[in-house]
Number of protein chains: 2
Amino acid sequence: MQKETLSKNQKIILDYIEKVNEPTKAYSILHNVQKKGIKAPLQVYRALDRLVEIGKIHKIESRNAFVACKNSNCQISKATAFSICESCEEVSEISDHKLSKYLKTFQEKAGMKFNKYNLEFFGLCKKCSIK
Amino acid sequence: MQKETLSKNQKIILDYIEKVNEPTKAYSILHNVQKKGIKAPLQVYRALDRLVEIGKIHKIESRNAFVACKNSNCQISKATAFSICESCEEVSEISDHKLSKYLKTFQEKAGMKFNKYNLEFFGLCKKCSIK
DNA sequence: AACACTATGTAATAATATAACATTAAATAG
DNA sequence: CTATTTAATGTTATATTATTACATAGTGTT
Ligand SMILES: [Zn+2]
Ligand SMILES: [Zn+2]
Ligand SMILES: [Zn+2]
Ligand SMILES: [Zn+2]
């Protein structure tokens, strides 16, 4: 799971996502890594799929965007929570032990056994609240 | 917020979503309501936007699909939780008072004030667990 | 060498969603 | 009841997001 075991394209895409440090869209990634030899959407999507799978990045579903994981303990993408500012679109990954414990052990009445969750909070970040 | 106050297109779209009773995609809706005179994607998306806004339906972000709200107390779409079966794609809206109370009062360390959340749990439903 | 498995390259296309602009219906204020 | 403004509609075109299909190449195992 270290960066060493990633393939060439996976490394390129991950490097870019880590560098921009904000939610980034697939076609924006594509445009920005074309100088590195990546030419087609599929090359990007394949790398993204794999990076999500191994937990190096996460998809912000409500934005169709990807962010690097900041949170070494988020169990390979199986338990993710984000706060999203509806004004400036800043996204940050929430790592709150009580929250993740609560959700991991949450049991629905219907008895379904969960193995994964994704939670997105929306609001105004501090900067945008002041304005 | 009753069905009476909905516009013609909104009623048509909502009726269809309530009838199919499972997550439904925008273009599937379009194909199925064309006999009612709805011809273009935009007519569907506009109605969907409004219906989401007033809480009659919800968007399942991870699936780009829409479901009717089963849950009269889910505060106009501001606090939603779903369970999603990764095998049969069955989706059901979770209404668990403790969960929603916990999430509504959740405060991030960074001090961001939330006004909305969406939570999606993934797993296997009872039927699919047996197989 | 044979096999399985993962990753790549490339072109075409599918699926999802919005922009722009013209028009009509409904609500409400004077 | 009429001027104003607000919400909804109709239509065409286009933008954005994502996958199918097929051919090829690397990597590790037996
Ligand atoms: Zn993470
Ligand atoms: Zn902000
Ligand atoms: Zn609901
Ligand atoms: Zn199932």
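Presented here is an overview of the structure given in this document.

Some remarks on the pattern of salt bridges
All names here are of chain B. What the rule picks out here adds up to eight salt bridges over all chains. Note that Glu-89 and Arg-63 form a salt bridge whose closest N and O atoms lie 2.6 Å from each other. Taken as a pair, Glu-89 in the loop between strand S3 (79–85) and strand S4 (91–93) and Arg-63 in the loop between strand S1 (57–60) and strand S2 (65–68) lie far apart in primary sequence, 26 residues in all.

Quick notes on the coordination of the zinc ion (ligand 2)
Ideal geometry at a metal centre: 109.5 degrees between donors when four sit tetrahedrally, and 90 or 180 degrees when six sit octahedrally. Residues and elements named next belong to chain A. Taken together, Cys-85 (SG), Cys-88 (SG), Cys-125 (SG) and Cys-128 (SG) make up the protein donors of the zinc ion (ligand 2), found 2.3 to 2.4 Å from the metal. Coordination at the zinc ion (ligand 2) is tetrahedral, judged from the four donor atoms that bind it and the angles of 106 to 113° they form at the metal. Read N to C, the donor residues that coordinate the zinc ion (ligand 2) are spaced as C-x2-C-x36-C-x2-C. Of this pair, Cys-88 sits in the loop between strand S3 (79–85) and strand S4 (91–93) while Cys-128 sits in helix H5 (residues 126–130), and the two are 40 residues apart along the sequence.

Considering unusual backbone geometry
In this structure, Glu-89 of chain A is a non-glycine residue whose phi angle is positive, near 65°. The phi angle at Asn-21 of chain B is positive, at roughly 60°, despite the residue not being glycine. Along the chain, the position of Asn-21 of chain B falls in the loop between helix H1 (8–20) and helix H2 (26–33).

Describing the protein's contact with DNA strand C
Around DNA strand C, a shell composed of 16 residues is seen, among which Ser-7, Gln-43 and Arg-46 of chain A together with Lys-25 and Lys-59 of chain B lie nearest. For DNA strand C, the fraction of protein-proximal atoms (within 4 Å) that sit in sugar or phosphate groups is 45%. Separating a phosphate oxygen of DNA strand C from a side-chain N or O atom of Gln-43 of chain A is a distance of 2.4 Å. The side chain of Asn-64 of chain B places a nitrogen or oxygen atom 3.5 Å from a phosphate oxygen of DNA strand C. Counting residues per element, the ones that place at least two in the surface near DNA strand C are helix H1 (8–20) and helix H3 (41–53) of chain A together with helix H3 (41–53) of chain B.

Some remarks on the packing of H1 of chain B against H3 of chain B
Residues and elements named next belong to chain B. Closest axis-to-axis distance for the H1/H3 pair is 9 Å, and the angle between their directions is 80°. Relative to H3, the element H1 lies roughly perpendicular. Facing H1, whose interface residues are Asn-9, Gln-10, Ile-13, Leu-14 and Ile-17, H3 presents Gln-43, Val-44, Ala-47, Leu-48, Arg-50 and Leu-51. Along the lines of polarity and charge, the residues of the contact of H1 with H3 split into seven nonpolar, three polar and one charged.

A short note on the interface of chain B and chain A
Counting from both sides, the interface comprises 33 residues of chain B and, opposite them, 33 residues of chain A. For the pair chain B and chain A, the two sides together bury roughly 2,900 Å², of which 59% comes from carbon and sulfur. Interface area lost by chain B to chain A is led by Tyr-102, Met-112 and Phe-121 of chain B, which between them contribute 20%. For the pair chain B and chain A, the number of links is two salt bridges. In this structure, Glu-86 of chain A engages Lys-116 of chain B in a salt bridge whose closest nitrogen and oxygen atoms are separated by 3.5 Å. Between chain B and chain A we count ten residue pairs in polar contact (both at pLDDT 80 or more) in total. Elements with a contribution of two residues or more to the side of chain B that touches chain A: S3, helix H4 (97–104) and strand S5 (113–124) of chain B. Here the element with the most residues in the side of chain B that touches chain A is S5 of chain B; it accounts for twelve residues. Among the residues forming the side of chain B that touches chain A, the class breakdown is 16 nonpolar, seven polar and ten charged. In the sheet, strand S5 (residues 113–124) of chain A pairs with S5 of chain B via eleven bridges, with the strands oriented antiparallel.

Concerning the relation of the copies chain B and chain A
Take chain B, turn it by 180°, move it 0.0 Å along the axis, and it overlays chain A with an RMSD of 0.0 Å. Such a turn and shift between the copies fits a two-fold axis. Relative to the rotation axis, the closest C-alpha in chain B is found at Leu-119 of chain B, a distance of 2.1 Å.

Structural notes on the protein's contact with DNA strand D
Taken together, 16 residues are adjacent to DNA strand D, and Lys-25 and Lys-59 of chain A together with Ser-7, Gln-43 and Arg-46 of chain B come closest. A share of 46% is what sugar and phosphate atoms reach among the atoms of DNA strand D within 4 Å of the protein. Contact distances for DNA strand D include 2.9 Å between a phosphate oxygen and a backbone N or O atom of Asn-9 of chain B. For DNA strand D, a phosphate oxygen lies 2.5 Å from a polar atom in the side chain of Gln-43 of chain B.

Criteria and cut-off values
- Residues numbered from 1 in each chain as written.
- Chains lettered and ligands numbered in written order.
- Predicted model: local features only at pLDDT ≥ 70, side-chain atom pairs only at ≥ 80, totals over all residues.
- Heavy atoms only, no water.
- Salt bridge = Lys/Arg side-chain N within 4 Å of Asp/Glu carboxyl O.
- Helix = DSSP H or I, 4+ residues; strand = E, 2+ residues; numbered from the N terminus.
- Donors = N, O, S within 2.8 Å, 3.2 Å for Na, K, Ca; no water.
- Tetrahedral: all angles 85-135°; square planar, octahedral: opposite > 155°, others 65-115°.
- Near = heavy atom within 4 Å.
- Polar contact = N/O pair within 3.5 Å; in protein donor to acceptor, adjacent residues only side chain to side chain.
- Axes fitted to C-alpha atoms, helices over the stretch in contact; angles between N-to-C directions.
- Parallel < 35°, antiparallel > 145°, perpendicular 65-115°, else oblique.
- Contact = heavy atoms within 4.5 Å.
- Nonpolar A, V, L, I, M, F, W, Y, C, P; charged D, E, K, R; others polar.
- Buried area = accessible area lost by both parts, 1.4 Å probe.
- Pairing = 2+ DSSP bridges.
- Least-squares fit on C-alpha atoms with pLDDT ≥ 70 in both.

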